[in-house]
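Read off the chains here:
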Amino acid sequence: MSSFKKLSKATQRTHRERGQPKSRDHLGLLEKKKDYRRRADDHHKKADAVKALKLKALDKNKDEFYFGMVNSKMVDGVHESKDTTSVCTDEQLKMLESQDLRYVRYKLSLERTKIEKLKSRLQLLDGADKPKGGHLVFLDSKQEVDEFDEAKYFNTHPDLLNCPLGRLTVDQLRDKNYGSRVDDRTLAEIQVERKKLYDQLKKRIEREQELSIIEQKMVVKSAVKDKKHKKLKIADETKTSAAVYRWVSQRKR
């Protein structure tokens, strides 16, 4: 008998809810039962939450203490908490809590080594990164020194004397096909690779500065723990610098 009921239900016609009449299209879609159930569940959920909050307010102890009572104040009828922003970034706090000074110095030395390798690879020749060395030429007499012509000696144009790397000779400048040996695609690839290396160098430098700040803060905090010597605080700790202290000089007997 139960199998017959299941079979009859499987083959019976599916009754559908009617849609919105054309005369009421301006009122929008006609709410179905599933829409009502969703709206009713949401209403009951909000009502239960309000009821729970009312009970919590009634059961609250008037003598109960919260730290928010002393860490906030009323401004124009609105509670505003005091400024509790940290003077350290998230990365600095993480390193200060989990790693020691030796590990930070180890990572700092690695970053500096990688930065030097990138700089030597990119051949930075601007400003302070320009090499101070030069081309040393030995001459036999003072007359040769006075008559010495750098452009003639290096076989290049006078305007290219300040370019020690990749300096073209006169024969290369006269060769019209010399510049066309490298196609545009290769030049574009070189530019993309160069940009990637400069971006990587920028991130490495920022990382090295961050580790240097962490090292300074850890050194100062370890030095401050010494209670034997008196010290005065000159400047507070910030995100870019450690706190500054001045130790009071003591006369030793």
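The structure this text deals with has already been given above.
Predicted model only: the values in this text are computed from it and were never measured.

About the thresholds
- Residues numbered from 1 in each chain as written.
- Predicted model: local features only at pLDDT ≥ 70, side-chain atom pairs only at ≥ 80, totals over all residues.
- Heavy atoms only, no water.
- Salt bridge = Lys/Arg side-chain N within 4 Å of Asp/Glu carboxyl O.
- Helix = DSSP H or I, 4+ residues; strand = E, 2+ residues; numbered from the N terminus.
- Buried < 20%, exposed > 50% of the residue type's maximum accessible area, 1.4 Å probe, protein only.
- Axes fitted to C-alpha atoms, helices over the stretch in contact; angles between N-to-C directions.
- Parallel < 35°, antiparallel > 145°, perpendicular 65-115°, else oblique.
- Left-handed = near helix turned anticlockwise from the far one by under 90°.
- Nonpolar A, V, L, I, M, F, W, Y, C, P; charged D, E, K, R; others polar.
- Pairing = 2+ DSSP bridges.
- Phe/Tyr/Trp six-rings, centres within 6.5 Å; stacked < 30°, edge-to-face > 60°.
- Expected span 1.5 Å × (residues − 1).
- Arc of directions from axis to C-beta.

Peer 1: Break down the pattern of salt bridges for me, citing the residues and quoting the values.
Peer 2: This structure, assessed with the given rule, holds eleven salt bridges. The shortest N-O distance in the salt bridge between Arg38 and Asp35 comes to 3.5 Å. One end of the pair, Arg38, and the other, Asp35, are both in helix α2 (residues 33–58), three residues apart, so they sit about a helical turn from each other. Exposure remark for Arg38: the relative accessible area of 56% places this residue in the exposed category. Asp199 is the salt-bridge partner of Lys195, the closest N and O atoms lying 3.2 Å from each other. Note that Lys195 and Asp199 are positioned in helix α8 (residues 184–224) at a spacing of four residues, about one turn of the helix. When its relative accessible area of 53% is taken as the criterion, Lys195 is described as exposed.

Peer 1: Before we move on, can you summarise the packing of helix α4 (residues 101–122) against α8 with the specific residues and values?
Peer 2: One way to put it is that α4 packs onto α8 with a least axis distance of 9 Å and a crossing angle of 155°. Considering their axes alone, α4 and α8 lie roughly antiparallel with respect to each other. As α4 runs across α8, the sense of the crossing is left-handed. In terms of residue class, the contact of α4 with α8 is made up of 14 nonpolar, two polar and 13 charged.

Peer 1: So what about the pairing of strand β1 (residues 72–75)? Which residues, and what values?
Peer 2: Examined bridge by bridge, β1 and strand β2 (residues 78–81) share four bridges and lie antiparallel to one another. Bridging across to β2, Ser72 finds its partner in Ser81. Count of turn residues in the β1/β2 antiparallel hairpin: two residues, of which Asp76 carries a positive phi of about 55°.

Peer 1: Break down the packing of aromatic side chains for me, with residues and values.
Peer 2: If you walk through the whole model with that rule in mind, you get one aromatic pair. For the ring pair Tyr245 and Trp247, a centre distance of 6.2 Å and an interplane angle of 55° mean the geometry is tilted. Note on Tyr245: relative accessible area 24%, which makes it partly exposed.

Peer 1: If you had to explain α2 to someone new, which residues and values would you point to?
Peer 2: Relative to the 38 Å expected for 26 residues at 1.5 Å per residue, α2 spans 37 Å between its end C-alpha atoms, a close match to the ideal helical length. For α2, the buried fraction is low: one of the 26 residues fall into the buried class.

Peer 1: Lay out α4 in plain terms, naming residues and giving numbers.
Peer 2: The first and last C-alpha atoms of α4 sit 31 Å apart over 22 residues, in line with the 32 Å expected at 1.5 Å per residue. Buried residues of α4: Val104, Leu108, Glu111, Ile115, Leu118 and Leu122, and no others. Viewed along the axis of α4, the buried residues span an arc of 90°, placing them on a single side of the element. Residues of α4 that are exposed and point over 90 degrees away from its buried face: Arg102, Glu116, Lys117, Ser120 and Arg121.

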